Amino acid sequence: MNSPDRSPASCPPRKGKFARRRGAAALALALMGPGWLPAAAQQVREPAPAYVYPAGGRAGTTFVVQVGGQAFAGATNLYLSGGGFEATLLDYSRPLTPREFNQLRNELEQLQEKRRTAATHWTEADASRVAEIRRQLATRAPNRQANPALAETLTFRVRLAPDAAPGSRELRLVTDTGLTPPLRFLVGTLPEVKEPEPATPATSSEANPRAALRSGRSGPATTPAKEPLAVDLPVVVNGRLFPGEVDRFRFQARRGQRLVFMVQARALIPFLADAVPGWFQAVLTLRDARDREVAYCDDYRLQPDPVILYEVPADGTYTLELRDALYRGREDFVYHLTLGELPFVTGVEPLGGPVHRPWTARMSGWNLPATELTVHRSEPGIFRAEPPAGSSWLNEVWLATDALPVRVETSPNDLAATAPLLDLPVVINGRIDPAGEVDWFALRGQAGETVVAEVRARRLGSPLDARLVLTDAAGRELAANDDQPDPGRGLDTHHADAYLRVTLPADGVYRVRLEDAQGKGGPEFGYRLRLGPPQPDFELRVVPSALHGRAGATVPLTVWALRRDGFAGDIHLALADAPPGFSLGGAWVPAGLEKVRVTLTLPPDPSPEPRPLRMVGRARVDGRELERPAVPADERMQAFFYHHLVPAQEWLASVLESPRPAPRVRLLSATPVRIPAGGTGTVALGVPFARWAGQFRFELEEAPEGLALADTTPGRHGLEIRLQADPERLQPGQKGNLILAARASRPATSTNRPAAVGARQRAPAFVLPAIPFEITERPR
């Protein structure tokens with residue numbers, strides 16, 4: 001079992017700090033009316049889906065799905081990327097509040113009293129109401145032990161069109177506040193069945209194995225064994241596990257069949273915030289007719305989801321078992337299990353090739369209809385390969401193309417003395433085969449020259465756990481690396497690719513050793529090794545993947561810059577082919593920063609459908625301009641602590657209706673706004689009705705330590721905001737964006753506590769476009 005990613009390079013948790021300073025007003029509340037404030041002003045929780053069950057369906061079929069999570073009161077529909085999909089909301093269920101529970105219980109007592117004392121007036125409607133109250137008291141009773149993140153459910157009838165494209169999609173809830181973060185949903189073409197669940201499943205929040213052990217739920221004895229479900233191959237089984245469960249599936253197999261059993265569990269829900277390990281760790285066991293274990297898998301290579309590849313030795317009845325490694329379970333332990341004689345790729349050679357000209361990748365695996373794939377790409381990078389026309393693969397296949405010269409590893413190179421001397425830069429396609437093999441490569445360098453050695457293997461699906469070592473001509477080890485974290489790989493659980501960046505100490509010949517850190521090897525242990533000077537570059541992630549706001553509003557978002565090979569320059573951001581009315585504020589990532597908060601201003605007119613957007617970043621590197629897409633992503637927490645950027649397929653914006661248009665605010669100052677260290681800087685904003693002072697308070701959101709809002713005063717054209725920089729905490733040259741939120745004072749709505757009556761609470765009203773800033777030297 002793989003351990004959680006403990007790398008310091010994993011995305012850190014947001015600090016969530018707000019530098020609060022009082023200021024003056026921007027707009028007249030009397031003109032806007034009480035309906036002007038957005039939903040956020042009412043402090044409504046954001047809808048948070050945790051799972052969808054089943055997590056997929058067959059094209060051309062109609063079935064029922066359940067979405068579990070919390071804060072679902074405003075949900076109305078489902079949105080599926082790729083189309084070919086219709087959904088109808090059937091039911092919404094949530095736990096009763098204690099007050100609602102007591103009211104129902106009192107109503108039940110009154111009805112029972114009516115039946116005892118006035119039986120002649122008892123009606124069928126009374127009997128139906130009693131049955132309904134009893135059902136709600138039994139199924140929706142408040143439960144302090146339940147996990148609130150799974151407390152609510154929505155039930156939908158879903159229809160997939162016959163021509164719905166198969167593959168991995170993204171499912172989101174449509175709510176009155178926009179779209180939710182996505183859940184993975186699989187559209188397939190094979191027959192699908194649903195694993196029968198117990199009549200009263202032991203719903204549990206015991207995803208923490210220590211809690212399960214304390215309660216005694218550490219093995220299958222906690223839940224009675226279920227009868228195996230008989231299935232015909234090929235088939236997809238949709239199921240989920242509850243505490244202590246082991247699901248079993250019985251089927252007939254013939255001698256010589258090459259069967260594939262593939263689980264998608266962690267692939268559906270990549271991270272569980274409150275579980276250790278931070279995902280559903282599925283385990284597969286295959287048994288023959290005599291109940292003997294003939295195959296077992298708890299992960300496949302470096303992925304947590306298991307795969308069993310089994311050639312049937314004799315005709316007969318076989319049983320496949322599926323459980324969690326620690327016998328945990330609850331509503332979101334959802335799986336998608338595929339069984340059958342199906343195509344599965346186990347290896348590719350080579351793992352990549354050059355851009356701008358065709359090359360051939362040779363596939364190895366099980367039940368493959370074709371073993372060669374012609375690739376022709378015009379852009380460098382990693383991409384998911386598509387099978388030849390008319391064929392398919394059960395698993396995903398990843399390849400890479402490079403603009404650098406490409407060569408194939410040649411033998412003998414298993415000794416330092418026989419290492420081939422390479423002309424740099426170069427990308428080498430090779431493999432570690434047999435187990436324990438070591439590949440050596442030589443290069444000639446000069447004192448002060450920087451050399452990069454980077455392996456791509458794990459990121460391309462290879463089982464290689466690469467280790468790199470750089471030695472000088474005398475064989476002395478200068479640098480070594482194993483498992484270099486890549487924050488752009490938000491779904492990886494084991495960052496097994498190696499990376500070195502070394503400044504050479506002297507002229508001479510140097511050697512690079514590449515090996516498997518675990519001493520393994522084989523035909524599938526391929527790699528691509530890049531050697532040469534740094535190739536400065538960057539990737540971008542934009543968070544969150546779904547934005548929403550009322551028409552004309554400004555919403556904040558975060559852009560992460562994943563810098564490669566020492567690139568540290570400015571990155572300028574822009575929307576690409578955006579619909580009219582969208583605009584970015586603070587559209588840059590200043591030099592040296594890994595992330596920045598920016599804003600997106602929405603069009604003044606609402607839109608009934610989510611609008612797809614694209615962002616790009618541009619930077620100049622060594623006299624050439626690079627343009628890279630901003631990949632949409634969402635921040636996820638794993639195992640109570642670790643944070644990851646999980647990529648999404650689409651970046652979507654929902655423009656919602658509002659009784660009043662959002663205020664149109666213009667930045668009048670030149671940017672970046674310069675603020676002297678130890679002094680103050682002024683930002684001029686063009687806003688309507690600035691004379692209504694005192695109705696709003698401004699706050700700096702996630703500002704750098706030492707930067708504060710001093711005061712806000714009405715100006716000639718609007719507002720003037722004065723910012724103060726602490727010289728002890730801020731240094732000249734520091735850059736970034738400032739996010740200013742305006743909060744309105746409104747009467748408190750709570751009457752539960754006497755102290756709250758007549759009080760005023762600050763509700764978020766609107767956000768201003770991001771303001772770029774730079775800290776400068778204080779004039780002498």
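Residues numbered from 1 in each chain as written. Predicted model: local features only at pLDDT ≥ 70, side-chain atom pairs only at ≥ 80, totals over all residues. Heavy atoms only, no water.

S.K.: What is the right way to look at the environment of Arg99 in this model?
M.R.: Tracing the chain through its elements places Arg99 in helix α2 (residues 98–117). Between the alpha carbons of Arg99 and Pro142 there is a distance of 9.8 Å; along the sequence they are 43 residues apart. (Helix = DSSP H or I, 4+ residues; strand = E, 2+ residues; numbered from the N terminus.)

S.K.: What is the right way to look at the nonpolar core in this model?
M.R.: What tends to happen in soluble globular proteins is that the nonpolar side chains get buried as a cluster. Judged by nonpolar contacts, the single largest core of 59 residues is most densely connected at Leu78, Phe251, Phe261, Tyr335 and Leu337. In this structure, Val673, Leu723, Leu738 and Leu740 belong to the second largest nonpolar core, which totals 28 residues. (Core = buried A, V, L, I, M, F, W, Y, C linked by side-chain atoms within 4.5 Å. Buried < 20%, exposed > 50% of the residue type's maximum accessible area, 1.4 Å probe, protein only.)

S.K.: How do you make sense of the packing of aromatic side chains when you look at a structure like this?
M.R.: Aromatic ring pairs are described here by two measures, namely the spacing of the ring centres and the angle between the planes. Taken as a whole and judged by the stated rule, the model has eight aromatic pairs. These aromatic residues form a ring-pair network of at least three members: Phe251, Phe261, Tyr310 and Tyr318. The ring of Trp366 is capped by Arg258, whose NZ or CZ atom sits 3.9 Å from the centre of that ring. It is Arg266 that lies over the ring of Trp279; its NZ or CZ is 5.7 Å from the centre. (Phe/Tyr/Trp six-rings, centres within 6.5 Å; stacked < 30°, edge-to-face > 60°. Lys NZ or Arg CZ within 6 Å of the ring centre and 35° of its normal.)

S.K.: Could you clarify how one ought to interpret unusual backbone geometry in this entry?
M.R.: Each neighbour pair has its own omega, and for Tyr53 with Pro54 the value is -5 degrees, a cis peptide bond. Inspection of the secondary structure assignment puts Pro54 in the loop between β2 (48–53) and β3 (56–58). A cis geometry characterises the amide bond from Val543 onward to Pro544, with omega recorded as 5 degrees. Phi at Asp291 is positive, roughly 65 degrees, even though this residue is not glycine. With respect to the helices and strands, Asp291 occurs in the loop between β16 (282–287) and β17 (293–297).

S.K.: Any chance you could explain the sheet that holds β16 here in plain terms?
M.R.: Strands belonging to one sheet form pairs held by backbone hydrogen bonds; the direction of such a pair is parallel or antiparallel. Taking strand neighbours across the sheet as the criterion, the five strands line up as β12-β14-β19-β16-β17 in an open arrangement whose pairing is mixed. What marks the edges here is a single partner per strand, and that holds for β12 (229–230) and β17. One ladder, built from six bridges, connects β16 with strand β19 (residues 316–324); its direction is antiparallel. What sits directly across from Leu286, in β19, is Leu320. (Pairing = 2+ DSSP bridges.)

S.K.: I keep staring at the pairing of strand β30 (residues 450–456) and nothing clicks. Help me out?
M.R.: The element β30 is largely enclosed, with a buried count of five among its seven residues. Across five bridges, the pairing between β30 and strand β33 (residues 499–503) is antiparallel. Within β33, the residue paired with Val451 across the bridge is Val502. Relative to strand β35 (residues 526–532), β30 is paired through five bridges, and the arrangement is antiparallel. Bridge pairing in β35 places Glu454 opposite Arg530.

S.K.: What is the right way to look at a nonpolar patch on the surface in this model?
M.R.: A surface patch of nonpolar side chains, about 290 Å² in accessible area, is lined by Val276, Phe640 and Phe641. Here Val276 falls in the partly exposed class, since its relative accessible area comes to 31%. (Patch = residues over 30% accessible without salt bridge, like charges linked within 9 Å, V, L, I, M, F, W, Y side chains within 5 Å. Areas by Shrake-Rupley, 256 points an atom, 1.4 Å probe, with all protein chains shown as cover. Salt bridge = Lys/Arg side-chain N within 4 Å of Asp/Glu carboxyl O.)

S.K.: Help me understand the sheet that holds strand β47 (residues 652–656), please; the structure alone is not making it clear to me.
M.R.: Strand order in the open sheet made by the three strands is β37-β47-β43, with mixed pairing throughout. What marks the edges here is a single partner per strand, and that holds for β37 (546–550) and β43 (611–612). Where β43 meets β47, two bridges bridge the pair, whose relative direction is antiparallel. Bridging from a neighbouring strand, Pro612 pairs with Leu652 of β47.

S.K.: Even after reading the chapter, I still don't get empty space enclosed by the protein, so can you show me in this structure?
M.R.: Rolled over the atoms, a probe as big as a water molecule pinpoints where empty space is left. What the rule picks out here adds up to five cavities of 30 Å³ or more. Of the volumes computed, that of the second largest cavity is approximately 50 Å³. Around the second largest cavity sit Tyr51, Val52, Ala55, Leu183, Arg184, Leu268, Ile269 and Val334, which together line it. Contributing elements (two or more residues each) for the lining of the second largest cavity: β2 and β10 (183–188). Residues of the lining of the second largest cavity, tallied by class, amount to seven nonpolar, no polar and one charged. (1 Å grid on protein atoms, 1.4 Å probe; cavity = no way out; pocket = protein on both sides within 12 Å on 5 of 7 lines; lining within 4 Å. Points joined across faces, edges and corners; volume = space filled by probe spheres on them. Nonpolar A, V, L, I, M, F, W, Y, C, P; charged D, E, K, R; others polar.)

S.K.: Could you clarify how one ought to interpret the side chain of Ser391 in this entry?
M.R.: One can find Ser391 in the loop between β25 (381–384) and β26 (398–402). You can call Ser391 buried: its relative accessible area is 19%. Within polar-contact distance, the side chain of Ser391 engages the backbone oxygen of Pro388 at 2.7 Å. (Polar contact = N/O pair within 3.5 Å; in protein donor to acceptor, adjacent residues only side chain to side chain.)

S.K.: Whenever I open this one, the confidence of the model for the chain confuses me. Can you help?
M.R.: Considering every residue of the chain, the mean pLDDT works out to 86; 86% of them sit at 70 or more. Overall, residues 1–43 carries pLDDT values under 50, and its contacts beyond four positions in sequence, including any with other chains, amount to 129 contacts. This model gives residues 203–222 a pLDDT under 50, and the stretch forms 42 contacts once residues within four places in sequence are excluded. (pLDDT = per-residue confidence, 0-100. Contact = heavy atoms within 4.5 Å.)

S.K.: Whenever I open this one, the pattern of salt bridges confuses me. Can you help?
M.R.: Once the charged atoms of two side chains with opposite charge are near each other, the side chains can pair. Here the structure, examined in full by the defined rule, presents 40 salt bridges. One salt bridge connects Asp126 with Lys114, and the closest N-O pair in it is separated by 2.7 Å. Pair noted here: Asp126 is in helix α3 (residues 124–139) and Lys114 is in helix α2, with a separation of 12 residues, a long-range link. By relative accessible area, Asp126 is classed as buried at 11%. In this structure Lys114 comes out as partly exposed when scored by relative accessible area, which is 30%. Here Arg729 ties to Glu705 by a salt bridge, and the two come within 3.3 Å at their closest N and O atoms. A residue pair is termed long-range when its members are at least 10 positions apart, and Arg729 in the loop between β53 (718–725) and β54 (735–747) and Glu705 in the loop between β51 (696–701) and β52 (707–714) qualify at 24 residues. Of the residues examined, Arg729 reaches a relative accessible area of 52% and is grouped as exposed. The partly exposed category is assigned to Glu705, whose relative accessible area is 43%. What you see here is one network of salt bridges that share partners, running through Glu454, Arg459, Asp486, Asp497, Arg530, Glu539, Arg541, Arg564 and Asp565.

S.K.: Can you help me understand the environment of Val631 in this one?
M.R.: With respect to the secondary-structure elements, Val631 resides in strand β45 (residues 624–638). A relative accessible area of 27% places Val631 in the partly exposed class. The spatial distance from the C-alpha of Val631 to the C-alpha of Val559 is 9.6 Å, given a sequence separation of 72 residues. Discounting chain neighbours no more than four positions away, the residues touching Val631 are Leu540, Arg541, Val542, Pro647 and Ala648.

S.K.: Is there a simple way to think about the environment of Pro420 in this case?
M.R.: Note on placement: Pro420 falls in the loop between β27 (406–408) and β28 (426–431). Taking the C-alpha atoms as reference points, Pro420 and Glu409, 11 residues apart in sequence, are found 9.2 Å from one another. Contacts of Pro420, omitting those with residues within four sequence positions, involve Asn413, Trp440, Phe441 and Ala442.

S.K.: So what exactly am I meant to see when it comes to the packing of α2 against α3 here?
M.R.: Describing two packed helices takes the angle between their axes plus the distance from one axis to the other. The geometry of α2 relative to α3 is characterised by a closest axis approach of 10 Å and an angle of 145 degrees between their N-to-C directions. Considering only the axes of α2 and α3, their crossing is left-handed. Residues Phe101, Leu104, Arg105, Glu107, Leu108, Leu111, Gln112 and Lys114 of α2 lie in contact with α3, whose contacting residues are Asp126, Arg129, Val130, Ile133, Arg134, Gln136 and Leu137. Among the residues forming the contact of α2 with α3, the class breakdown is seven nonpolar, two polar and six charged. (Axes fitted to C-alpha atoms, helices over the stretch in contact; angles between N-to-C directions. Left-handed = near helix turned anticlockwise from the far one by under 90°.)

S.K.: Explanation requested: the side chain of His336 in the structure shown.
M.R.: Here His336 lies in strand β20 (residues 334–340). Given the relative accessible area of 6%, His336 is considered buried. Ignoring anything within four residues of it in the chain, the contact list for His336 reads Leu186, Glu192, Val236, Val237, Asn238, Met262, Val263, Gln264 and Leu268.

S.K.: I keep staring at α3 and nothing clicks. Help me out?
M.R.: An α-helical turn contains 3.6 residues, so a residue and the one three or four places further along point in the same direction. Between the first and last C-alpha of α3 there are 23 Å, a value that for 16 residues agrees with the 22 Å anticipated at 1.5 Å per step. Looking only at α3, the buried set comprises Asp126, Val130, Ile133, Gln136 and Leu137. Taken around the axis of α3, the buried residues stretch over an arc of 130 degrees, which confines them to a single face. When the buried face of α3 is taken as reference, the exposed residues oriented beyond 90 degrees from it are Glu124, Ala138 and Thr139. (Expected span 1.5 Å × (residues − 1). Arc of directions from axis to C-beta.)

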